[in-house]
Each structure stands twice: as C-alpha cells, then as structure tokens.
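An overview of the molecular structure
Chain residues, written in single-letter form:
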Amino acid sequence: MGFTLVVIIRWQLAYPGSPVPYIGSLFGTANAPGGIVLPEFYNQLGAMHGTIMVFLGVVPLAVGAFGNYLIPLQIGAPDMAFPRLNLASYWFYLAGGTVMLASFFVPGGAANNGWTSYPPLSDLAPGTGQTWWLVGMAFLINSSLLGALNFITTVVQLRAPGMTWFRLPFFVWAQFITAFLLLLAFPPLEGAAILQGMDRLAGTSFFLPSGLAVSGRPLGVAGGGSALLWQHLFWFLAHPEVYVLILPAMGIVAEIVTNNTRKPLWGYRVMVYSLFALGFLSFIVWAHHMFLTGMGTAVSAFFQTTTMIVSIPSVVILSSLILSLHGGSIRFTTPMLFALAFIPMFGIGGLTGLPLGLATTDIPLHDTAYVVGHFHYLVAPGTIFALFAGIYHWFPRLTGRMMNDTLGRIHFAGSLVCMNVIFMPMFVQGLAGVNRRLWDGGAEYAHAQGVLSLNVPMSIAAFALAFFQLFFIVNLFASLKAGRQAAANPWSATTLEWQAATSSLRVYRNPYEYSVPGASADFLPQHLPADA
C-alpha cells in the first residue's frame, strides 16, 4: 500500500497536471477531478506514504516479524517470554494499521501534514484525517512498547544453558538494543500525540503559540503553546527510530555475510560494543533535524558534534562486515547478493547524511530533495535490501522449501538498478535547491528548471521497481506451494535456529565457528559438544 502511494506520487512529479492512468478515476472528484491529482491529495499521499512505510511496513517486519520468529530460535528458548502480550502487540498493530488506512475515507481525507505532522498546521488542519492519524499512532506505539518489553525479557531470561552473552548471535544483539530504543523513545511521541489530540479536540493550545491568525482572524485559543515542543518530542523518537530500522538490518546482514564467507564474523565483540554506542548516541542527536529553529550556537555545536560521533560506530560495523569478506570463500547466493548490496547502499546513505549534521550545510539543504535521497538510501536499498536478504535466507527454515534462485537474482538486479536511478538524482535536485513536497516537483520555480527533467527517468525507474517486485511475489507464493524441498540446514549454518528444537538444547561454543583449523567440517554448530 505504501509503495502504491509513492508510484502515484512519482507519476505526479514526472507528469504534473496529467491524469493518473487506469486508477486516477478511483480517487474521487474531491481528490483528483478527471484523474488529475490535486495538491491537497498529493500531500495526503506523501504523509501517508512515509507513515505506512516506516510504522506499518519496515518496523513491523524488521523488528516484529524477524524478531519474534528468530530470537527464541537463536537463543534456544521454547517461545517468547509472554506469548499473550505478544499477541496483544499484534492486535494493537492491526488496529493502528486499520485506523491509518481507513483515514483515507473520512471527511477531508487522510492526514496531509507530512509524516512529521508539524504544528501549528497539523493542529489546525481541517477534517478528521489528522485525528485518525494520531489515534493510529497511539495504537502503533503501544504495539511497539509491548513487543519491546517481550524481547528484552526473552533475551535476558530464556537463553538456553551455555548461551552466555557473548555467545549470542549478532542478530539477537541487534534486536535486543533495538527493543531498548523502542521502549525509551516511543513514550515521548505518545505523549505528544495525546497533547496534539487535545489541541484538535478539546481546545487546548500545547503547540499553538499566542498571536496566531487563521484566514485573517485571530485564533480563539489561549495560546502560550510551543510548536517547537512537538518537534523536540517527535525527533526524540524519530532519530532513534532510524536506528530501529537500521540495527535489525545490520543484524540480518551480519548473519548472512558470515555464513556465506565461511568465516567467523570479524570483530564480533567490537561490533556488539558499537551497537551499544549507536543505541546510546542515537538519543542525543535529535536536534540536528532542527537547526533552522534558531537554536543558539552552543546547543547547535553540541548536536553537530554528537552527530559526527554517532557515525563512528556505524563505520566500525560496516568495516567489520567488509573485513569479514577478506579471504573468505564467498558464496554468491541470492540472500548474499542482497546483503552485499546493503553495505555500499547504506554507506552512501550515511555519507550523504554528514552535510545534514552540520548547521552550515544543513541550512541550504534542509527540506530539499537531498534529504529525501539521503534517508531513502538508508531505508530502501539499505534496510529493505537487508529484509529481502533475510526472507530469502530464512525462508527454508520457515517453510521447509527453497525459493527459486533465478527469480531471486532477477529481483535483486532489477531492484538494485532501479533504486539507484530513483534516489541518486535526488541529490542533484536537492543541491539545486528544489524543495521536497512540491506538488509539481518545482515547476513553478526558476531555480528548479535545470533539474526538472530528472523526474521522468526517476519515475520510470519507480514504475520498473514495482514491476521487479512481481518476481519476488511470484517467487514467494510459488515456492511456498511448490518450491524445492530444503535440507534441515541448507546453508550449513552454525546458529541454533537451524537445529531441531529440543528442551535439552545446550550451547557449547561461539556463534560463528566457520573454517576452524583441524575441524572435520567447515562449520561447527553451537549445540555440538566441544569435543565434536
């Protein structure tokens, strides 16, 4: 659903004022008369695309699905610590998603204030879509909080005998730190959502400053609120949220890289310490999103410094993954291709974020297409590639069948090319000063004329990207029904999820004992006794 919205957005940017083919008439005359997207509807598409992809797509898959399935298996636990709490987390997620999607059909349509919902615009937005957005976010936040508590308790309490902390697979460490980020960062946004809901429904003014006028008339509230308070509360969640997306992806990639190089993970302990550093530092960089708010030079210098420092543990983890490749007997399986592509794609996303962490360069780049390119390199060819790698890798464990390798390679190659064609030109547009969230892509602005033509190939690549996802969808369902039967441990992996579950499972060794000198096989599973 989220990807469908962005396909409509890309059509509008490439061909502004042209009817959306085939489906334009379904949007209704209030949103798209004659199939032509109106600016107000375009804003709905943008706001809900970001919300759906982050809060309803990547986080539930990276944390909820992968975490719930693999954490108990990888630590040798019989189940999650609180199965009913786990189910409650899912029902909260389903309720939040239903409310979010249903908001398209309420009077005034869905939220149209960007996925960040900045007041005072979001406080004063007509219709009920923004209120539904706030209710949906409350459900999703509670879902994540329940899941986070469950993850933490499961890892602390239910590890199999012998599974010491530094015998945990790197994926479990990544999920463990992610759970703390969710637990500590989401409550401020829930508080903010409640306050904004009060502003919209109960006549309060937590985010409405004094002296506001709407359509030439003074706003009839007491005032005294702070629009910047929302930004602080939102970004105190949203920057750790970036690492909620990234850390599970790093965990997935690490598992696949070490398995397909047939080598131990280089610098395993350093990588774990880097996860802790990323988790801690992610809480003290949030205001680098707010350099334009007029903060003082001392505060600005603090957030610029911490932003530069937070890049260091990310570089350590990426460097460890690259060094793990050196001298390895690399198997270029489909999951390995996605995992390898994650490394440079995430690197591009990280490097392009450095100018945004410095106030001097962030001021001209803020709210431009450059920011969109930077963030999407982290999340689309970055995190989502890692999720695809994980699906291809653990599909045999989940279903007992292998996915089709040829379809997987076509899916990979097409997705890699298309994503770069979509997002790389955004840096050019952003450096030219083209703002994001422009209904016509900047056609009304003189400074955008030289880069407007890039919208056409970018949009064609987005349509092609949708086409290449069909290979994955067909592969998924066809393999589920008629895929080749998989061996019990088809990748010759060492971690516990590939072993037969027993109540007497015990751990004897580190998680990545590959190519051990003198061993009879090139892998030693964690559950085999030390003398095996």
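Keep in mind that this is a model prediction, so the values were computed, not measured.

We now examine the pattern of salt bridges. Working definition: two side chains of opposite charge can pair if their charged atoms are close together. This structure, assessed with the given rule, holds three salt bridges. In this structure, Asp 522 engages Arg 262 in a salt bridge whose closest nitrogen and oxygen atoms are separated by 2.9 Å. Placement of Asp 522 in the segment after helix 14 (455-482) and of Arg 262 in the loop between helix 7 (227-261) and helix 8 (268-281) is noted, with a sequence separation of 260 residues between them. Across the pair Arg 409 and Asp 405 runs a salt bridge whose closest N-O atoms are separated by 2.6 Å. Note that Arg 409 and Asp 405 are positioned in helix 13 (residues 405-431) at a spacing of four residues, about one turn of the helix. Looking at Arg 409, the relative accessible area reads 33%, which means it is partly exposed. Asp 405 gets classed as partly exposed once you look at its relative accessible area, which sits at 36%.

To continue, consider the environment of Thr 297. Along the chain, Thr 297 falls in helix 9 (residues 297-325). The sequence separation of Thr 297 and Ala 359 amounts to 62 residues, and the corresponding C-alpha distance is 9.6 Å.

A contiguous nonpolar surface patch, about 490 Å² in accessible area, is contributed by Phe 467, Leu 470, Ile 473, Phe 477 and Leu 480. Take Phe 477: its relative accessible area is 53%, and that puts it in the exposed class.

With that settled, consider the side chain of Thr 334. Of note, Thr 334 is situated in helix 10 (residues 334-353). Engagement of the side chain of Thr 334 in a polar contact is seen with the side chain of Asp 405, the distance being 2.5 Å.

Counted at 1.5 Å a residue, the expected span for helix 6 (residues 170-201) with its 32 residues is 46 Å, and the 46 Å between its end C-alpha atoms agrees. The sharpest bend along helix 6 reaches about 30° and sits at Phe 186, with the proline Pro 187 one to four residues further on. Gly 203 sits one or two positions beyond helix 6 and adopts a positive phi of about 80°.

The next thing to look at is the packing of aromatic side chains. If you walk through the whole model with that rule in mind, you get 43 aromatic pairs. When the centroid spacing of 5.5 Å and the interplanar angle of 45° are considered together, the rings of Trp 165 and Phe 176 count as tilted. Pair noted here: Trp 165 is in the loop between helix 5 (129-157) and helix 6 and Phe 176 is in helix 6, with a separation of 11 residues, a long-range link. When its relative accessible area of 8% is taken as the criterion, Phe 176 is described as buried. Here Phe 171 and Trp 394 contribute two aromatic rings whose centre-to-centre distance is 5.8 Å and whose plane-to-plane angle is 50°, an arrangement assigned as tilted.

What follows covers the packing of helix 7 against helix 9. One can describe the packing of helix 7 onto helix 9 by two numbers: an axis separation of 9 Å at closest approach and a directional angle of 15°. On the basis of the axis angle, helix 7 is roughly parallel to helix 9. For helix 7 against helix 9, the interelement crossing comes out left-handed. Counted together, Tyr 243, Met 250, Val 253, Ala 254, Val 257 and Thr 261 of helix 7 and Val 310, Ser 314, Ile 317, Leu 321, Ser 324 and Leu 325 of helix 9 form the full contact between these two elements. Partitioning the contact of helix 7 with helix 9 into residue classes produces nine nonpolar, three polar and no charged.

Definitions and cut-offs
- Residues numbered from 1 in each chain as written.
- Predicted model: local features only at pLDDT ≥ 70, side-chain atom pairs only at ≥ 80, totals over all residues.
- Heavy atoms only, no water.
- Salt bridge = Lys/Arg side-chain N within 4 Å of Asp/Glu carboxyl O.
- Helix = DSSP H or I, 4+ residues; strand = E, 2+ residues; numbered from the N terminus.
- Buried < 20%, exposed > 50% of the residue type's maximum accessible area, 1.4 Å probe, protein only.
- Patch = residues over 30% accessible without salt bridge, like charges linked within 9 Å, V, L, I, M, F, W, Y side chains within 5 Å.
- Areas by Shrake-Rupley, 256 points an atom, 1.4 Å probe, with all protein chains shown as cover.
- Polar contact = N/O pair within 3.5 Å; in protein donor to acceptor, adjacent residues only side chain to side chain.
- Expected span 1.5 Å × (residues − 1).
- Bend = angle between axes of the 7 residues up to and from the residue.
- Phe/Tyr/Trp six-rings, centres within 6.5 Å; stacked < 30°, edge-to-face > 60°.
- Axes fitted to C-alpha atoms, helices over the stretch in contact; angles between N-to-C directions.
- Parallel < 35°, antiparallel > 145°, perpendicular 65-115°, else oblique.
- Left-handed = near helix turned anticlockwise from the far one by under 90°.
- Contact = heavy atoms within 4.5 Å.
- Nonpolar A, V, L, I, M, F, W, Y, C, P; charged D, E, K, R; others polar.

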